Each structure stands twice: as C-alpha cells, then as structure tokens.
Number of protein chains: 2
Amino acid sequence: MEKSESTKIDVVETNKERKGKAPLLGTAAPVVATQVEHAKGGPKRGIAIFDLILRIAAFASALGAAVAMATTEETLPFFTQFFQFEASYDDLPTFTFFVVAMAIVVAYLVLSVPFSIVCIVRPHAVVPRLLLIIFDTVIIALTTGAAGSAAAIVYLAHNGNQDANWLAICQQFGDFCQRASGAVVAAFVTVVILLLMVVLSASALRRH
Amino acid sequence: MEKSESTKIDVVETNKERKGKAPLLGTAAPVVATQVEHAKGGPKRGIAIFDLILRIAAFASALGAAVAMATTEETLPFFTQFFQFEASYDDLPTFTFFVVAMAIVVAYLVLSVPFSIVCIVRPHAVVPRLLLIIFDTVIIALTTGAAGSAAAIVYLAHNGNQDANWLAICQQFGDFCQRASGAVVAAFVTVVILLLMVVLSASALRRH
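Rules and cut-offs
- Residues numbered from 1 in each chain as written.
- Chains lettered and ligands numbered in written order.
- Predicted model: local features only at pLDDT ≥ 70, side-chain atom pairs only at ≥ 80, totals over all residues.
- Heavy atoms only, no water.
- Helix = DSSP H or I, 4+ residues; strand = E, 2+ residues; numbered from the N terminus.
- Buried < 20%, exposed > 50% of the residue type's maximum accessible area, 1.4 Å probe, protein only.
- Contact = heavy atoms within 4.5 Å.
- Areas by Shrake-Rupley, 256 points an atom, 1.4 Å probe, with all protein chains shown as cover.
- Salt bridge = Lys/Arg side-chain N within 4 Å of Asp/Glu carboxyl O.
- Patch = residues over 30% accessible without salt bridge, like charges linked within 9 Å, V, L, I, M, F, W, Y side chains within 5 Å.
- Core = buried A, V, L, I, M, F, W, Y, C linked by side-chain atoms within 4.5 Å.
- Phe/Tyr/Trp six-rings, centres within 6.5 Å; stacked < 30°, edge-to-face > 60°.
- Disulfide = S-S within 2.5 Å.
- UniProt positions renumbered as here; feature names shortened; annotations may be inferred.
- pLDDT = per-residue confidence, 0-100.
- Expected span 1.5 Å × (residues − 1).
- Bend = angle between axes of the 7 residues up to and from the residue.
- Axes fitted to C-alpha atoms, helices over the stretch in contact; angles between N-to-C directions.
- Parallel < 35°, antiparallel > 145°, perpendicular 65-115°, else oblique.
- Left-handed = near helix turned anticlockwise from the far one by under 90°.
- Nonpolar A, V, L, I, M, F, W, Y, C, P; charged D, E, K, R; others polar.

- Looking at an unreviewed UniProt entry, one finds chain A named CASP-like protein, with Datura stramonium as its source organism.

## A look at the overall build of chain A
- Broken down by element type, chain A carries six helices and two strands.
- Each of the 208 residues in chain A was classed as buried or not, and the buried ones make up 49%.
- The contacts of chain A with a sequence gap of at least 6 include a subset with a gap of at least 24, amounting to 77%.
- Counting every atom, chain A has about 10300 Å² of accessible surface; 69% of that belongs to carbon and sulfur.

## Remarks on the pattern of salt bridges
All names here are of chain A.
- Enumeration over the complete set of coordinates arrives at four salt bridges over all chains.
- The residue Arg55 makes a salt bridge to Asp136 at a minimum N-O spacing of 3.1 Å. Linking Arg55 in helix 3 (residues 42-70) with Asp136 in helix 5 (residues 127-159), this pair joins segments that are 81 residues apart in sequence.
- In the salt-bridge network here, residues are joined through shared partners; they are Asp51, Arg55 and Asp136.

## A closer look at the side chain of A:Arg55
- Relative accessible area serves as the criterion here: at 1%, A:Arg55 is assigned to the buried category.
- Contacts of A:Arg55, omitting those with residues within four sequence positions, involve A:Tyr108, A:Leu109, A:Ser112, A:Val113, A:Ser116, A:Leu132, A:Asp136 and A:Met197.

## Brief notes about a nonpolar patch on the surface
Residues and elements named next belong to chain A.
- A cluster of nonpolar residues, Phe115, Val127, Leu131 and Phe135, forms a patch on the protein surface that exposes about 340 Å² of accessible area.
- You can see Phe135 is positioned in helix 5.
- Since its relative accessible area comes to 44%, Phe135 is described here as partly exposed.

## Some remarks on the environment of B:Gly64
- Positionally, B:Gly64 belongs in helix 3 (residues 43-70).
- The sequence separation of B:Gly64 and B:Ile117 amounts to 53 residues, and the corresponding C-alpha distance is 23 Å.

## Regarding the nonpolar core
- Counting 124 residues, the largest nonpolar core has A:Phe95, A:Trp166, B:Phe95 and B:Trp166 as its most contacted members.
- Leave out the neighbours within four places in its chain, and B:Phe95 touches B:Met69, B:Tyr89, B:Ala150, B:Ile153, B:Val154, B:Phe176 and B:Ala180.

## Some points on the packing of aromatic side chains
All names here are of chain A.
- Applying the stated criterion to the full structure yields two aromatic pairs over all chains.
- Ring geometry for Phe95 versus Phe176: centroids 6.2 Å apart, planes at 45 degrees, classification tilted. Separated by 81 residues along the polypeptide, Phe95 in helix 4 (residues 93-121) and Phe176 in helix 6 (residues 174-206) bring together distant segments of the chain.
- A residue is classified by how much of its surface remains accessible, and Phe95, at 2% relative accessible area, is buried.

## Structural notes on the state of the cysteines
Residue and element names in this part refer to chain A.
- According to the stated counting rule, one finds two disulfides over all chains in the structure shown.
- Residue Cys170 pairs covalently with Cys177 via a disulfide, S to S 1.8 Å. When the S-S torsion is -90 degrees, as for the bridge of Cys170 with Cys177, the disulfide is left-handed.
- Overall, Cys177 belongs to the buried group, its relative accessible area being 3%.

## Quick notes on the UniProt feature "transmembrane region" (unreviewed entry) in chain A
All names here are of chain A.
- Within this structure's numbering, the places UniProt gives as "transmembrane region" (unreviewed entry) are residues 52-72, 92-118, 130-157 and 183-205.
- When the span residues 92-118 is considered, its composition is 96% helix and 0% strand, and the gap between its end C-alpha atoms is 41 Å.
- Annotated as 100% helix and 0% strand, the span residues 183-205 places its first and last C-alpha atoms 33 Å apart.

## Quick word on the confidence of the model for chain A
Residue and element names in this part refer to chain A.
- Mean pLDDT over chain A stands at 79; residues scoring 70 or higher make up 74%.
- Least confident of the elements in chain A is helix 1 (residues 2-18), whose mean pLDDT is 45; most confident is helix 4, at 93.
- Low pLDDT, under 50, characterises residues 1-31; the stretch is placed with 29 contacts to residues that sit more than four places away or in other chains.
- The ipTM value of the predicted complex is 0.74, and its pTM value is 0.76.

## Digging into helix 4 (residues 93-121) of chain B
- For helix 4 of chain B, built from 29 residues, the straight-helix expectation of 42 Å at 1.5 Å per residue is met to within 8% by its first-to-last C-alpha distance of 43 Å.
- Residue B:Val113 marks the point of greatest curvature in helix 4 of chain B, where the axis turns by about 35 degrees; the proline B:Pro114 follows within four residues.

## Description of the packing of helix 5 of chain A against helix 6 (residues 174-206) of chain B
- Contact geometry for helix 5 of chain A and helix 6 of chain B: axes closest at 10 Å, N-to-C directions at 165 degrees. Judged by the inter-axis angle, helix 5 of chain A sits roughly antiparallel to helix 6 of chain B. For the element pair helix 5 of chain A and helix 6 of chain B, the recorded crossing hand is right-handed. Contacts between helix 5 of chain A and helix 6 of chain B involve A:Leu130, A:Ile133, A:Ile134, A:Thr137, A:Val138 and A:Ala141 from the first element and B:Val191, B:Leu195, B:Val198, B:Val199, B:Ala202, B:Ser203 and B:Arg206 from the second.
- Of the residues contributing to the contact of helix 5 of chain A with helix 6 of chain B, the split by class is ten nonpolar, two polar and one charged.

## Side note on the environment of A:Ala48
Residue and element names in this part refer to chain A.
- Locating Ala48 in the fold gives a position in helix 3.
- The buried category is assigned to Ala48, whose relative accessible area is 1%.
- The sequence separation of Ala48 and Arg122 amounts to 74 residues, and the corresponding C-alpha distance is 9.4 Å.

## As for the packing of helix 4 of chain B against helix 6 of chain B
Residue and element names in this part refer to chain B.
- Two elements in contact, helix 4 and helix 6, have axes separated by 12 Å at closest approach and are oriented at 35 degrees. Here helix 4 runs over helix 6; the crossing is left-handed. Of the residues in helix 6, those in contact with Phe95, Phe98, Met102, Val105 and Leu109 of helix 4 are Phe176, Ala180, Ala183, Val184, Ala187, Thr190 and Leu194.
- Class assignment of the residues belonging to the contact of helix 4 with helix 6 gives a composition of eleven nonpolar, one polar and no charged.

Rendered as structure tokens:
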C-alpha cells in the first residue's frame, strides 16, 4: 500500500519533469505497469478468495463438531429400580470444554468473514491479513487443544486403561462413543483447514 | 518506515534542485540512504534477535516438559504378595504420545535455530522467515494437541469421573500426578511462547 502511494507521488513528479527534462522519462513505464498489477490484484486476490472459501469450510466443520458433541446423549433401554443408565456430553468436563471451545471457534469464524472480504476487495491491504494470521493462529491453538483433550477421553472411553483401573464405557454406550468420535474427527478437520488458511495468508503477505 | 523514506527522497531532491544540478544526481543520495537502512536492518533485526531468544526459551520449556513426563514414575511403598503398585508415564498411552510429541517439538526447535540466525544476519530475507512462520504454526498445533490431551488425562487422574465410574488415582500416586501436572504446565508455556514467536514473525514480514 504505502509503497504504491510513494510510487504515485513519483509519477506526478516525473510527469511535471517530462516537459522539461529528459533523463527521468525511463522510470515512468515500470511505474504504470506496477499500478496495473496493483489494480488487478494478481495472485493475492486469488489467495484471498480461496481463504474465504476455506473459512466457510472451517465454519461448517467446526459447527458440525460443536453440534454433534452437544447433542450427544444416550439412554440405555434397560433400567434398575433406582436409576436409568444414561450418558450425556456434560457428564465429562472435557466434552463440555470441547463444546464451549468449538462454539468460540464458530463465532470467531463468522466474525472473521468481513476481514476476509476486505482482503478480497483490497488485495494489497496488509493490516487485515496480518490480523487474520495472528487470530487464526490463536484459534488453531484453541481448536487443537479441545480436539486433543476430547480425543484423549474418547480413546479412554473406547479402550479403558487397565493400569489406572478405568473401564471402557463404549461397550454400553456405543452410539454415544460414535458421535463423540465423529465430533473429534470434525474438530481435527477444522484444525487442518485452519493450518492451510494460515499458510496461504502468510505466503500472500510475502509477495508485497 | 517506507513513508519516511519517500519523504527523505523528496527533501534530498529539492535540496539538489535548489542548487541547480541535473535531476538524476539527486536520486543517488536516497539510494545510498536506503542501502544504509537496509544494511542496518532496523526493527526487523531486533525482532529476529528476540525471535531467537524466544526460540531458546521455548526449547528449554519443551525439553523440561518432555523430561519431566518421561521420568515420571512412582512406586508405592507397600505391596501385596503378587504385585507391587507402581505408576509410570507409559501406563497411559496419552502420556506416551505427550513425550513423543514434545521430543519432536524439541528437535524442531533445535533445527530451526539456524533459520532464526539467518533472519538476524539478513533481516530482509523473506523465505526463511516465512518457513519459520509456517512450521511454527504446525508445531503449535502439535504442542497444543499433546498438552490438551495430557491435561484431560491429568484432570481425570486428579478428579476422576463418577458418571463413567473412573476413580481418581492421585490419592495413591500423589508424586506421579504432580510431576505429570508440571509437565503439562510446561507444555502450555511452550505453546504461549510459540504463539508469541508467530505473532512477532508475522509483524516482521509486514514491514517489507
């Protein structure tokens, strides 16, 4: 941005000087070429559009993960005199954290869409792109933390742990485990898409 | 940065023109000024040096986390006729993953030091900085995943879970739990340092 602004100033100067002085004429042509490139946006606009598409994909996948986990509950078809056997995501604090974290990720992805659109409209704007990289990185950490911790619990639910005397609960609550596993997979898909977004945005910053 | 440079150019040009000299002579001075600025590196070199310091701090913290977790074992002072009660990190697959992941992070941080030094020597080189941002982001995901999953298990070991009938094991294995918790905290410290590194490197890319 700033570079092109200072270039514009030069153009005005050379135009004035062209009337009287010959030697500066040579610099005018490349400056115009740069301005055409600037107006077109070039590969930067393509990257910005791709970034928006990835953002929508990440939103869908994060929303899927949050909803799948939040609606996970299973009531077993048999019960004793005193209580019915049922499993819900909020029985496990890790799954509650997962739902909250994925809800934050979904909200962030919605709020970040305007910034992504600014990057398409003004492909050479540096500040919105930089903001997106920084916050995307923080969101990657949040999503991976939620996905990793939920994965650890899902693994435990599937396999149990003999040394700690924790029994697998998936034999009883099969549907519950499958939905939770699906949510974890969706969260990891979100992480991969977010990583791709940061890599793309960083490479777009480069060609300034 | 660039705005002030272009201002300088204007000033120099007007000074030269005031003396009545040929216009091309005037452009020589700002070019030299730009080269001096370029050689000095300015704030970019400062950021690169800070990046190296943060990298060493992250290395220390990741190494601490890996070693603390890998040496975590506790043998209880009482035993039955058939077996002795002991807990080790490899009883829990999540802790094994934690140790492996943190070892990878430590190895990456050592291997990335030369790239960080290249950024100090050549503050305006874009490719090594971009590579660092991209790989740092991937390593953030790995570290957070390991830290998050280990945190979920440590939480379970401390508090247990009544609904899943998993009992807390920290009453028996107090030292084991404390060391594991310490390792998780060190891993999260590593994540914070890595986040800071990415934010710094991205802002250094900006002023190109």
